[in-house]
Amino acid sequence: MQNRTTIKNYSGLSKKEVEKSRLNYGSNEITTGKRKTFLNHYLQSFGDPTIKILLVALLLNTIFFIRHFNWYESIGILVSIILATLVSSISEYGSQLAFEKLMEDSKKIKCKVYRDNHLAEIAVTEVVVGDYICLQPGDKIPADGILIGGNIDVDQSALNGETKEAHKIPSNITQVSHSIDFLNECSLFNGSIVCEGEGVMLVKDVGDKTFYGKLAKELQEEQEDSPLKQKLTDLAKSISRFGYIGAILILISSLFKSIVIDNHFNYVEILAYYSHPLYLLSDVLRAITYAITIIVVAVPEGLPVMITVVLSSNMKRMIKDNVLVRKLVGIETAGSLNILFTDKTGTLTKGKLQVSEFISGNGTDYKDKWDIKIQNNLWKLIYVSSFYNNSSNITYEKDKTVIIGGNSTDRALLNFVTECPLNNLNIIKKDSVLFNSKNKYSMTEIDGDLNLTLIKGAPEIILPYCKKYYDINGEEQHILNTLYITQKINSMTAKGIRVLALATSKENLDDINKGDFSNLTLVGIVGIKDEVRNNVKDSVLQVTNAGVQVVMITGDSKNTAKAIAYESGLIRETHENIIIDSNELNNLSDEEVMKILPKLRVVARALPSDKSRLIKISQQMGLVAGMTGDGVNDAPALKKADVGFSMGSGTEIAKEASDIVILDDNFLSITKAILYGRTIFKSIRKFIIFQLSINVCAVLTSLIGQFIGVDSPITVIQMLWVNMVMDTLAGLAFAGEPPLPEYMEEMPKVKNEKIINRYMENQIFFTGLYTTFLCVLFLKSEHIKLIFRQSQHELYLLTGFFALFMFCAIFNSLNSRTQRINLLSHILKNKSFVVIMILVSIIQIIMIYYGGKVFRAYGLTFREFFTVLSLSITVIPFDFMRKSILRLRHTKEEVAKFL
């Protein structure tokens, strides 16, 4: 005998009615926006601010030097553009696959529908409003609608994040205007799974109008620029401004030199010389050409490539820490997080219900499940009650036990007892009464080794009828007082633990069904919960100590959410904590939400729209907002967030919508992602200091050189080598900077904070100024000139200058990589930096002695080489003095934040 709901047959829609419905309400397909091809993504990448600067530099280099075309400089710029745009396009092209994945999954599903007086199986895309859908365990609901027949339990966790199955009861079919929402017991949603029972659904919404369709539509919205891209835009403006100012100064100084200085400040000579217009035109063109050269030199063409190299190399390192980066800029953005909205189910918790504790009839609390499993006689009764009075089933896949069917509570119980199975039992299952929300219990009559009726259900239903309980020996004992057990149950439910009572009766199932529900013997009380992940509390503490506010958003009740928040460390007694539910949130205006947001810790009974709203409000407040999640319901918020973290075991659409996938589903890995993000931003800043210091030197040397009779002392081939060192090799060197735990003690960067801060400006300006001084001193000092050989003096002097310029850059790389006085601090943790700089030094020495005409390098004597090395290494003590002065003016904490 089974308590099953009888489902009547429905005639369903006719073929004409189907067509009419499809015409009036649309098809059950989700409208796609115009898809971007890879070419579209590639062309769009040229809108990057630094790429625009490079394009202008390439154009000017081509136009003004067409006669004496600088192939090496132009090719270097072109390669930088191609590499940077290609890598970013490949990464961003994958982000649009989220919606396509959703469409692929939905089209594979079929459903059973009543049409033309019979039951037919059709593709879900053919479902229309007004269809009657037959639902059975395991079916995926194909549209939104209301239950009009039967009783079913559905898993909606992928949509609302709540692990507990929702029990659905039928609605009156005349209620055609019945609202569809999660609070209505008759509402059913596309994407939910039927776990138990059978029923018939009347379709109310299809396609874009379904809850699932609205989520998919949100995924197609364009994202705002990432914080890194916004900062690069500001950087591009700063670099352009520097280049333009430098070019104007060069233009004015060049004209002043040719017009005034070369004519000895004599007004008559000036007028006589420029009486012919061609002379004036020639000088103006030469000045313009020189000015444009400065713009090209000032542009750090290696910056886009370096950023790509830094992000890509760290992406490979992060995989080892179970962090898979889908979108490169997501790494850096993670380091700038101010607030992190995290899903509960599958993120803070394991996303799977498990038996957490057992209370025996005498009130003994077994929180360690192995303690109860060693009580053989009592364990036998627990095993039989959980194994045979259960709607789930066991199957085997590749020698692995897999539990299928039933609701999550039954699956948790079956998983619990199969960890310590009793294989020598002779039990025959005779008949059952399935669980339903009205009775709140299930029963199974067994025969064989034990002749009992097993009862499982809500404690408030079963406990009042229990007159006895089983002790640890499996013997019946009288219950004297149930108050202690009731208090235990109340304590468990307050912590968000789901509670079940297990009992037995010696009466048969028929007699109990007739109303003889008395004289039960209590086996015990089972506590079931979605356990918090290991190390979550420590991980949350690390993130909050890094200045990142963590807010849990869940579909669970307030009590359950509060209990999990306490257990995971989100709520602390020393802090003011605000816990609200979705209704309370929706009653607040955006301005009111902004006021409470800094103290907000938990949002319970949350809807997907709540997540997107909170992300939007946070971004309006100037915060860098992150979102974690694993379900379909999380996908829109994951995409809207500045950085979205999905779980490796989550849904495909969540992964595709996210920037970063946490492969081990461990909140600790998010901490590592934040650390890597901060490390990367610091590495970018270090590279910019290194490169712009050299660029400032090049511009100032060119500007001053006109007045002291020094033309460009670096050849095109030499500049190619200099650019290779400053761009590609330096990028690789700084990309390996180690992620130091101390970075997690700093507060996040402000969203609108510029890449180049005051400390960087200070170092770039003074280092550039001092290096320029060394270059001019080297070329004009008579004392230095006397050190170099007099025969072919200029060739050896310029060889020395080439060496000086490069070694200044090499030594300056040590200054750039740390704000510490100790330049060797943590240097061995970045072995690539050490190897690359040693390699560059060796190659530079080889070029000095064997470069010949190609590199205009003819070797140096020991005395000459020692002079060059002695001058170039002075950049280190000079920067030491600069750092020391800054330390006198700032606190230790302020110094730590310089980069």
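For clarity, every value in this text was computed on a predicted model and none was experimentally measured.

A. Up close: the side chain of Ser385. With respect to the helices, strands and loops of the structure, Ser385 is situated in helix 15 (residues 376–388). Of the polar contacts made by the side chain of Ser385, one reaches the backbone oxygen of Leu381; its length is 2.8 Å. Contact partners of Ser385, with chain neighbours within four places excluded, come to Leu454, Leu502, Thr504 and Val523.

B. Spatial organisation of the pairing of strand 25 (residues 643–647). When you tally the buried positions in strand 25, you get five out of five residues, the bulk of the element. What you see with strand 25 is no split at all: Val643, Phe645 and Met647 on one side and Gly644 and Ser646 on the other are buried throughout. When strand 24 (residues 625–629) meets strand 25, the two strands line up parallel, connected through four bridges. Note that in strand 25 the partner of Gly629 across the bridge is Ser646. Remark: the strand 24/helix 25 (residues 635–640)/strand 25 crossover connection has right-handed handedness. Relative to strand 26 (residues 660–662), strand 25 is paired through three bridges, and the arrangement is parallel. Pairing of Ser646 across the sheet is with Val661, part of strand 26.

C. The arrangement of the nonpolar core in detail. Residues Leu337, Met552, Phe645, Ile660, Phe667, Ile670 and Ile688 are the most contacted members of the largest nonpolar core, which totals 59 residues. Per element, the largest residue contribution to this core is 13 residues, and it comes from helix 27 (residues 667–705). Residues contacting Ile660, with those up to four places away along its chain left out, are Val323, Leu324, Val325, Gly330, Ile331, Ala334, Val643, Gly644, Phe645 and Ser646. Ranked by size, the runner-up nonpolar core spans 49 residues in total, among them Phe788, Phe801, Phe805 and Ile810.

D. Representation of a nonpolar patch on the surface in the model. Judged by side-chain polarity, Ile838, Ile842, Ile845, Ile846, Tyr849 and Tyr850 come together as a nonpolar surface patch covering roughly 610 Å² of accessible area. Mapped onto the elements of the fold, Ile846 is located in helix 32 (residues 831–850). Of the residues examined, Ile846 reaches a relative accessible area of 43% and is grouped as partly exposed.

E. How the structure looks around helix 29 (residues 758–780). Under the 1.5 Å per step criterion, the end-to-end length of helix 29 is 33 Å for 23 residues, consistent within 8% with the ideal 33 Å. The opening residue of helix 29 is Asn757, an N-cap whose side-chain oxygen sits 3.3 Å from the backbone nitrogen of Tyr759.

F. Summary view of the pattern of salt bridges. With the rule as written, the count across this model stands at 24 salt bridges. With a shortest N-O distance of 3.6 Å, Lys506 and Glu476 are connected by a salt bridge. Residue Lys506 is found in the loop between strand 19 (498–505) and helix 19 (509–513), and its partner Glu476 is found in strand 18 (residues 476–478); the two are separated by 30 residues along the sequence. Using a relative accessible area of 26% as the deciding quantity, one classes Glu476 as partly exposed. A salt bridge links Arg817 to Glu737; its shortest N-O distance comes to 3.3 Å. Of this pair, Arg817 sits in the loop between helix 31 (793–816) and helix 32 while Glu737 sits in the loop between helix 28 (716–735) and helix 29; the two residues are 80 residues apart in sequence, bridging distant segments of the chain. Neither Arg817 nor Glu737 differs from the other in exposure class; each is buried.

G. Spotlight on the confidence of the model for the chain. For the chain, mean pLDDT is 81; residues scoring 70 or higher make up 81% of the total. Predicted confidence in the chain is weakest over helix 5 (residues 97–107), with a mean pLDDT of 50, and strongest over helix 34 (residues 862–872), with 95. For the stretch residues 1–6, pLDDT sits under 50, and the model shows 16 contacts to residues farther than four places along the chain or on other chains.

H. Structural detail: the packing of helix 29 against helix 35 (residues 875–889). Between helix 29 and helix 35, the shortest axis-to-axis distance is 11 Å and the interhelical angle comes to 145°. Between helix 29 and helix 35 the crossing geometry is right-handed. Between helix 29, through Tyr759, Asn762, Gln763, Phe766, Thr767, Tyr770, Thr771 and Leu774, and helix 35, the contact on the second element is made entirely by Val875, Phe878, Asp879, Arg882, Lys883 and Leu886. The residue inventory of the contact of helix 29 with helix 35, partitioned by class, reads seven nonpolar, four polar and three charged.

I. Representation of the packing of helix 27 against helix 29. Helix 29 packs onto helix 27 with a crossing angle of 40° between their chain directions and a minimal axis gap of 8 Å. In terms of their interaxial angle, helix 27 and helix 29 are classed as oblique. At the point where helix 27 passes helix 29, the crossing takes the right-handed sense. Contacts between helix 27 and helix 29 involve Arg685, Ile688, Ile689, Leu692, Ser693, Val696, Cys697, Leu700, Thr701 and Ile704 from the first element and Met760, Gln763, Ile764, Thr767, Gly768, Leu769, Thr771, Thr772, Cys775 and Val776 from the second.

About the criteria used
- Residues numbered from 1 in each chain as written.
- Predicted model: local features only at pLDDT ≥ 70, side-chain atom pairs only at ≥ 80, totals over all residues.
- Heavy atoms only, no water.
- Helix = DSSP H or I, 4+ residues; strand = E, 2+ residues; numbered from the N terminus.
- Polar contact = N/O pair within 3.5 Å; in protein donor to acceptor, adjacent residues only side chain to side chain.
- Contact = heavy atoms within 4.5 Å.
- Buried < 20%, exposed > 50% of the residue type's maximum accessible area, 1.4 Å probe, protein only.
- Pairing = 2+ DSSP bridges.
- Right-handed = clockwise from strand over helix to strand, strands pointing away.
- Core = buried A, V, L, I, M, F, W, Y, C linked by side-chain atoms within 4.5 Å.
- Patch = residues over 30% accessible without salt bridge, like charges linked within 9 Å, V, L, I, M, F, W, Y side chains within 5 Å.
- Areas by Shrake-Rupley, 256 points an atom, 1.4 Å probe, with all protein chains shown as cover.
- Salt bridge = Lys/Arg side-chain N within 4 Å of Asp/Glu carboxyl O.
- Expected span 1.5 Å × (residues − 1).
- pLDDT = per-residue confidence, 0-100.
- Axes fitted to C-alpha atoms, helices over the stretch in contact; angles between N-to-C directions.
- Left-handed = near helix turned anticlockwise from the far one by under 90°.
- Nonpolar A, V, L, I, M, F, W, Y, C, P; charged D, E, K, R; others polar.
- Parallel < 35°, antiparallel > 145°, perpendicular 65-115°, else oblique.

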